[in-house]
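Coordinate inspection notes
Each chain is listed here by its residues.
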Amino acid sequence: MLIKLTGGKVIDPAHNVDGVARDIYIRDGRIVDAPEPGAKVDQEYDLRGKLVMAGAIDLHTHIGGGKVNIARAMLPEDHRPDLCAATDLERSGCGHAAPSTFTTGYRYAEMGYTAGFEPAMMPVNARQAHMEMGDTPIIDKGAYAMLGSDDLLLSLMKDGVDQRVINDYVAWTITHSQAMGLKVVNPGGISAFKFNQRKLDLDEQAPFYGVTPRQILKTLAQALHDLGVPHPLHVHGCNLGVPGNVQTTLDSFAALDGLPAHFTHIQFHSYGTEGDRKFSSGAAHIAEMVNKHKNISVDVGQILFGQTVTASGDNMSQHRNAAHADPSKSVIMDIECDAGCGVVPFRYRDTNFVNALQWCIGLETFLLVDDPWRVFLTTDHPNGAPFTSYPHLIRLLMDKSFRNEQLARINTDAAGLSTLGSLDREYSLYEIAIMTRAAPAKTLGLRDRGHLGVGAAADITVYTEDADREKMFAKPNYVFKDGTLVARDGRIVQVVWGNTHVVKPEYDPGIEKVIEPHFRRFRTQRMGNFKISNDEMCECGHGSKLHVHDCTHGRKQ
Amino acid sequence: MSALTFTARGMPAADIDCGGLTCDSLAGKSAAEVAKLPILVGGRQTPCGDVFDVSGSDTMQIVFRGNGATCNRIGAGMTIGSIRVEGDAGDHLGLQMKGGKITVTGNAGDFAACEMKRGRIVVQGNVGDSAGAPLPGNKKGMSGGMLVVHGNAGERLADQLRRGQILVAGNAGAYAASRMIAGTLVVLGTVGAHCGHAMRRGSLIVRQRPPLPATFADCGTHTLAFLPLLMASWKEAGAPFATLPVNPRAQRWMGDTGNGGKAEVLVWA
Amino acid sequence: MSHHPPESRHEVPCSFCGLLCDDLSVTTDHGRVRIESGNCPRALAGFDAANRHLEAGASPSIGGKTATLEEAVAAAAAILGKAQAPLFGGCGTHLPGMRGVMELADATGGTVDHMNSYSMFRNFHVLQNSGWVVTSLSEVRNRADLLVCFGTDIGSRLPRFYERCLWVDDTLFGLGAEDREVVMLGQPKDPLLATSPGGRKAEVLACRNEQLGEVAQALRALVRGAPVSGDAVAGIPLADLARLAERLKAAKYGVVAWVTSDLDFDHAELAIQSACDLVRELNAHTRCNGLPLGGTDGDYTAHQVCTWQTGFTVRTRLSAAGPQHDPVALDAERVLAEGRADALFWVSSFDPGKTPPAGKRPTVVLGHPAMRVDCDVFIPVGIPGIDSAGHLFRTDSSVAVPMRQLRDVGLPEVADVTAGILAILRPAGNGQAKQEVRAC
């Protein structure tokens, strides 16, 4: 079947196309060349006057895994105001801060998103992450495996093994947890918390193992680079949320020594200690470093006011934050010599000085980082705000007067400490397209997504331009997933099951001689039952496809 | 004007969600229009007229007649008017109500006065478990208004009560005043085991010493000036609360020290 | 029936309790499964029951009369098609089975509850009301220097717990079996189960389990230095409790463990909550964690799947207004007793004894092949981990174990049966006549 999308204004930064009216042809789920003249078009969509982009990609969203499900189970009151009954097309579910899996998929697709990546997948819990994502319809997915506080890595580093052994372990972990990349969360800190340590600075030696977060960062970043994994080390740094942590973050950038790395929800790591309340914005320093150092990319993790829930692998930080839980409940877990998690509901209030300044810091970051290819639009769903708030966030970035109106409503002390009011920049549609499509695809190594060139998967979103950018981005006119129309005017019209994206870096199978005994001696699961097979992945996800991407970007050894 | 009356038509076994049948929601509607409104019966949308004969016209005075214990959420969220239940009411009576009055001639089920904020509920018979307690996931129960129970209360009475008053003429079951946050609970009859478990603040007032955990300390007998004032506020509740002899002397226990609680259990001396 | 020679497999996971031990060696011979290693009574019982039907065979039946699978599926679909208030109970199955149950419940506006909810909700209430600080089995194995058993001996329910999680000498940080202490609070059935290899017995501070809430509150008071009246709490000398409080504060990684099915009294959730609050408060001084243990019949698997698919755990109805969660009103036993279900769809594939509650309503049972039950439609289904692969969640929730198919004796999958029923209820191209209620 040949589908023609006629005359839409294409915005495709991957090919330097900015608002050029052209036709797009789709066959068998892919964008194809224009056919021979006179070829039969089976279905045509008149998109004249409309804007066409590739489907959006969320490279950091907590959509699957134990802690996400703990959040759901803990918060029945979050769900009750936003219940979704089953229809002919859709399963029951619920929305807001901890949405159910089906609702998550529908809402992302309605908003024109065609892929989402779970950033904090514990290898021991990877099955659950894949199962939940498998029950998340329409969108493509993938996940980053977490290492950095697991006892095996720390043991290997303590023993001073060769980088190649680390590389093999990292590659093995990514392969057998069916991941797309690697994340480190509070390097060494999750482990330190299990030893009753309440903080771990960048150059502080972790208890028992004696390695420092700096060493962990460097070692893991090196591993990914050596393995040629497209997406660089995805870093949730030390001291999340702690006033003064901007220095930790800057030092962490430097610790990489030029190796590529992606620093996530950077807003939470950009706090200074100036002023009477000893809490200030470090966004300018962060932006300056990001601008200067091309090996670094960031996603913002913008907070927006309202009720949400914070769910993170960083049990050390979450335990500290639990005192501020709103409502006052929380779950903190130590997990399987692998990692941990913490789930703390939270309400960001515009009258609250700290929250208001956090809001400013995120926006300052967006506006001060020059390169839209290296700053990504996230709210660290749901930690900063639910993903359904992205259209509102886009409006804040594109519409200065709207932004300033909001600024006028927040805690005035916080507004006074922020430079936000003087930042005139407005993101263009082209820059939004980079930040939400072309750039995430590039950093993840998804060669056939995030763009509209021939050969791309036909993940396509069509908007009607509207000066109210929130309205515009909330309800695209059409959303295509692999060439199938799945949403129209913000409502699902067909349900398909998206693909799972993974990488399988090469490793020396001899590493299992190290890993297997570790499982047998110290853990309560055998290595053979820990590894996830490709067949299992198909069972996870309604028979959806597994896409294995190349590891070629870096240098292999 | 006669009260807008819902007369049961051979009650199905299914639970009936009466939450939409309040003076607020039905204002300005005729009985015929009300009969057409969809309500949830056993989780399915059903015209109201299929389960109730609807008659009368005064939407500020609603009557439920001949109901079984399957009518849930009567008075949910109401702010005005009065609802009278001639017979029993189901669960979640007066859920999150903000004003007005509900009277039940029979018994009410579980979670009566759940998260009630203002207004008054009077139950002539008994209430089930968890009267005044919050919904799953919520941590604050009833936060205002008054619940009067002339019969007995089940277990977990006033669990996480946040404010307001609950007056029970009869007995209360186990775990009364558990996790109570504030407010006043009065029980004229006996109180069951584990009374006051994890209580934080607020007052439980009784006539006989209840079984208290070891984490309550006896603070001796006192003359409490606020007691007569409190008792004066019970005049509207009628007998037996309004006719109690005014007594400012009570033995006072404080706890639950396990959670740093400063709640008091007062036993009239 | 397979005609293969006997087959041996290793590192086979066991599905018969929440530990999901995955180190079994098993042989399969003409459909007969046998554990070669170990003597866990629950595993042995489960494997034994799995062989019970092999002689007589197990086949679907309609009204007690043998039927083909296709006929039974059609009869089940007829029952569900007519029902206005179907109840999906038991839910004793694995992840794919539970996905199938949920899909069927969603298509028919059903209520979902697991047979163990009466026990699980003792934990769920705490999770919904205050949360907790908890750990998992491997962490306990490597770090726990003090284990407090709250109202349980653990071993009676999870026979290999001590062997796998405490009496180990080869650990990450040098903690050996004899470096650990066990204290039991309440009414443990058999405290000797916690005797260390070196002969050290668990200390028992005895009280009735019903009093554990008061005891936990007293421990909280002792930890915070607040007064406790009298010189005993629930019969336990205050001095003993004070000593325990000190030991908990001094421990490097204290663990307070409980098994909800052992805390079998009303309002046990309040006792568990007090214990969890105690644990949380101890984290001001040291590291201390709760350890919720238990699990049979796929209970925690049902909880996980229902939660991620609807947002709510079990005791949820997939109504016309969206999922309605009510731990009290949607208790399956109460729904059945009050006549609020007009059809029961019961799944129970681990244990032939876990049959549905008696009662007069059309009943479909997807059951263990050795199950004998009086119902309208019976379909024997594969036993997870024996006939059927598919995942199960371990008691400490963070590990989902891939079970194995050890034999093929022709038993269908729960998910295939539910798919077959759905295909009849919703022929391709026709949606069911559900109201388009888009509440969101």
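Residues numbered from 1 in each chain as written. Chains lettered and ligands numbered in written order. Predicted model: local features only at pLDDT ≥ 70, side-chain atom pairs only at ≥ 80, totals over all residues. Heavy atoms only, no water.

With that settled, consider the overall build of chain B. If you tally the helices and strands in chain B, you get four helices and 17 strands. The C-alpha radius of gyration of chain B comes to 19 Å, within 12% of the 18 Å expected for a compact globule of 269 residues. If one aligns the C-alpha atoms of chain B with their principal axes, the spans along those axes are about 60 × 35 × 25 Å. Sequence-distant contacts, at least 24 apart, represent 43% of the contacts inside chain B between residues at least 6 apart. Of the roughly 9,100 Å² of accessible surface on chain B, 51% is carried by carbon and sulfur atoms. (Helix = DSSP H or I, 4+ residues; strand = E, 2+ residues; numbered from the N terminus. Rg over C-alpha atoms; globule rule 2.2 N^0.38 Å. Contact = heavy atoms within 4.5 Å. Areas by Shrake-Rupley, 256 points an atom, 1.4 Å probe, with all protein chains shown as cover.)

Moving on, we come to the nonpolar core. Ranked by internal contacts, the top residues of the largest apolar core, which has 206 residues, are V170(A), F253(A), W359(A), F366(A), F150(C), L185(C) and L241(C). Residues in contact with F253(A), not counting those within four places in the same chain, are F263(A), I266(A), I286(A), M289(A), V290(A), I296(A) and V298(A). (Core = buried A, V, L, I, M, F, W, Y, C linked by side-chain atoms within 4.5 Å. Buried < 20%, exposed > 50% of the residue type's maximum accessible area, 1.4 Å probe, protein only.)

Before going further, it helps to examine the interface of chain A and chain B. Between chain A and chain B, the contact holds six residues from the first and five residues from the second. In this assembly, chain A packs against chain B so that about 400 Å² is buried in total across both faces, 50% of it on carbon and sulfur atoms. Our count for the contact surface shared by chain A and chain B stands at zero salt bridges. Here chain A and chain B share three residue pairs in polar contact (both at pLDDT 80 or more) between them. (Buried area = accessible area lost by both parts, 1.4 Å probe. Salt bridge = Lys/Arg side-chain N within 4 Å of Asp/Glu carboxyl O. Polar contact = N/O pair within 3.5 Å; in protein donor to acceptor, adjacent residues only side chain to side chain.)

This brings us to the packing of aromatic side chains. Taken as a whole and judged by the stated rule, the model has 33 aromatic pairs over all chains. Considering the side-chain rings of Y108(A) and F387(A), the 3.8 Å spacing of their centres and the 5° angle between planes classify their relative orientation as stacked. On the criterion of sequence distance, the pair formed by Y108(A) in helix α3 (residues 101-110) and F387(A) in the loop between β20 (375-376) and α13 (390-398) is long-range, its members being 279 residues apart. Each member of the pair, Y108(A) together with F387(A), is buried. Lying across the ring of Y253(C), R143(C) places its NZ or CZ 6.0 Å from the centre. (Phe/Tyr/Trp six-rings, centres within 6.5 Å; stacked < 30°, edge-to-face > 60°. Lys NZ or Arg CZ within 6 Å of the ring centre and 35° of its normal.)

With that settled, consider the sheet that holds strand β19 (residues 363-367) of chain C. As a general point, the strands of a sheet are linked pairwise by backbone hydrogen bonds and lie either parallel or antiparallel. Residues and elements named next belong to chain C. Ordered in space as β5-β4-β20-β19-β18-β6-β7-β16-β17, the nine strands form an open sheet in which the pairing is mixed. Strand pairing shows two members of the sheet lacking a second neighbour, β5 (65-66) and β17 (322-325), which therefore form its edges. Bridge count between β19 and strand β20 (residues 377-380): four bridges; the pairing is parallel. Each residue of the ladder has a partner; that of V364, found in β20, is V377. (Pairing = 2+ DSSP bridges.)

A few words now on the side chain of D326(C). Mapped onto the elements of the fold, D326(C) is located in the loop between β17 and α11 (332-337). There is a polar contact of 3.0 Å between the side chain of D326(C) and the backbone nitrogen of V328(C). Residues contacting D326(C), with those up to four places away along its chain left out, are H92(B), R315(C) and D331(C).

Let us now look at the domain arrangement of chain B. Along its sequence, chain B is carved into domain 1 (1-77) and domain 2 (107-268). In this structure, domain 1 of chain B and domain 2 of chain B have C-alpha centres spaced 32 Å apart. (Domains from an automatic or database assignment.)

Moving on, we come to the environment of M98(C). Residue and element names in this part refer to chain C. On the secondary structure map, M98 appears in helix α3 (residues 95-108). Classification of M98 as buried rests on a relative accessible area of 0%. For the pair M98 and V414, spaced 316 residues apart in sequence, the C-alpha separation works out to 8.2 Å.

This part covers the interface of chain C and chain A. With 72 residues of chain C at the contact, the number on the chain A side is 69 residues. Roughly 6,000 Å² of surface becomes buried between chain C and chain A when both sides are summed, with 48% attributable to carbon and sulfur atoms. Scanning the region where chain C abuts chain A turns up eight salt bridges. Note that R287(C) and D334(A) form a salt bridge whose closest N and O atoms lie 3.2 Å from each other. Across the chain C-chain A interface, the total number found is 46 residue pairs in polar contact (both at pLDDT 80 or more).

Before going further, it helps to examine the packing of α13(A) against helix α14 (residues 400-407) of chain A. All names here are of chain A. Put simply, α13 and α14 touch, their axes get as near as 5 Å, and they point 105° apart. One finds that α13 runs roughly perpendicular with respect to α14. Counting all contacts with α13, which are made through H392, R395, L396, L397 and M398, the residues of α14 involved are K400, F402, R403 and Q406. Tallied by class, the residues present in the contact of α13 with α14 amount to four nonpolar, two polar and three charged. (Axes fitted to C-alpha atoms, helices over the stretch in contact; angles between N-to-C directions. Parallel < 35°, antiparallel > 145°, perpendicular 65-115°, else oblique. Nonpolar A, V, L, I, M, F, W, Y, C, P; charged D, E, K, R; others polar.)

This paragraph deals with the pairing of strand β8 (residues 131-134) of chain C. Where burial is concerned, the two faces of β8(C) agree: the one with G131(C) and V133(C) and the one with W132(C) and V134(C) are both buried. In terms of strand pairing, strand β18 (residues 330-335) of chain A meets β8(C) through four bridges, oriented parallel. Looking across to β8(C), one finds that S330(A) is bridged to G131(C).

Before going further, it helps to spend a moment on the packing of helix α12 (residues 353-368) of chain A against α13(A). Residue and element names in this part refer to chain A. Close contact between α12 and α13 brings their axes to 10 Å; oriented N to C, the two are set at 60°. Judged on the interaxial angle alone, α13 and α12 are oblique. Here α12 runs over α13; the crossing is right-handed. Listed contacts from α13 to W359, L363, F366 and L367 of α12 are L393, L396 and L397. A class-by-class count of the residues in the contact of α12 with α13 yields seven nonpolar, no polar and no charged. (Left-handed = near helix turned anticlockwise from the far one by under 90°.)

Residues and elements named next belong to chain A. Under the 1.5 Å per step criterion, the end-to-end length of helix α16 (residues 429-444) is 22 Å for 16 residues, consistent within 8% with the ideal 22 Å. Of all bends in α16, the biggest is about 40°, found at M435. Of all 16 residues that make up α16, 15 are buried, and the element is covered over most of its length. Positioned one or two residues after α16, G445 has a phi angle of 80°, which is positive. (Expected span 1.5 Å × (residues − 1). Bend = angle between axes of the 7 residues up to and from the residue.)

Let us now look at the state of the cysteines. This structure, assessed with the given rule, holds zero disulfides over all chains. A disulfide-free cysteine, C195(B) has its sulfur positioned 15 Å from the sulfur of C219(B), the nearest such atom. Here C21(C) stays free of any disulfide, with the sulfur of C17(C) as its closest cysteine sulfur at 5.8 Å. Its relative accessible area of 7% is what places C21(C) among the buried residues. (Disulfide = S-S within 2.5 Å.)

Turning next to the pairing of strand β13 (residues 184-187) of chain B. All names here are of chain B. Along β13, one buried face is formed by T184 and V186 and the opposite face, lined by L185 and V187, is buried too. Pairing analysis gives four bridges linking strand β12 (residues 163-168) to β13, with the strands arranged parallel. Across the sheet, the residue bridging to L167 is V186, located in β13. Here β13 runs beside strand β14 (residues 203-206); their pairing, made up of four bridges, is parallel. Residue L185 lies in a different strand from β14, and its bridge partner there is L204.

Looking now at the confidence of the model for chain B. Of the residues in chain B, 99% reach a pLDDT of 70 or more, and the chain-wide mean stands at 96. Scored as a complex, the prediction yields pTM 0.97 and ipTM 0.97. (pLDDT = per-residue confidence, 0-100.)

Residue and element names in this part refer to chain C. Spatially, β1-β2-β3 is the arrangement adopted by the three strands of the open sheet, whose pairing is antiparallel. Every other strand in the sheet has two partners, leaving β1 (7-12) and β3 (32-35) as the edge strands with one partner each. The average angle at which neighbouring strand axes cross in this sheet is 25°, direction not considered. Pairing geometry for strand β2 (residues 24-29) and β3, over four bridges, is antiparallel. Bridging from a neighbouring strand, D29 pairs with R32 of β3.

Before going further, it helps to examine unusual backbone geometry. A cis amide bond links D326(A) with the next residue in sequence, P327(A), at an omega value of 0°. With respect to the secondary-structure elements, P327(A) resides in the loop between α11 (315-321) and β18. Geometrically, the link from G255(B) to D256(B) is a cis peptide bond, its omega value of -5° lying close to zero. Following the sequence through the fold, D256(B) ends up in the loop between β16 (249-255) and β17 (263-268). Backbone geometry places D257(A), a non-glycine residue, at a positive phi of 60°. Tracing the sequence through the fold places D257(A) in the loop between α9 (245-255) and β13 (261-263). Residue class for D257(A) comes out exposed when judged on its relative accessible area of 60%. Non-glycine residue Q160(B) carries a positive phi angle of around 55°. Tracing the chain through its elements places Q160(B) in the loop between β11 (143-149) and β12.

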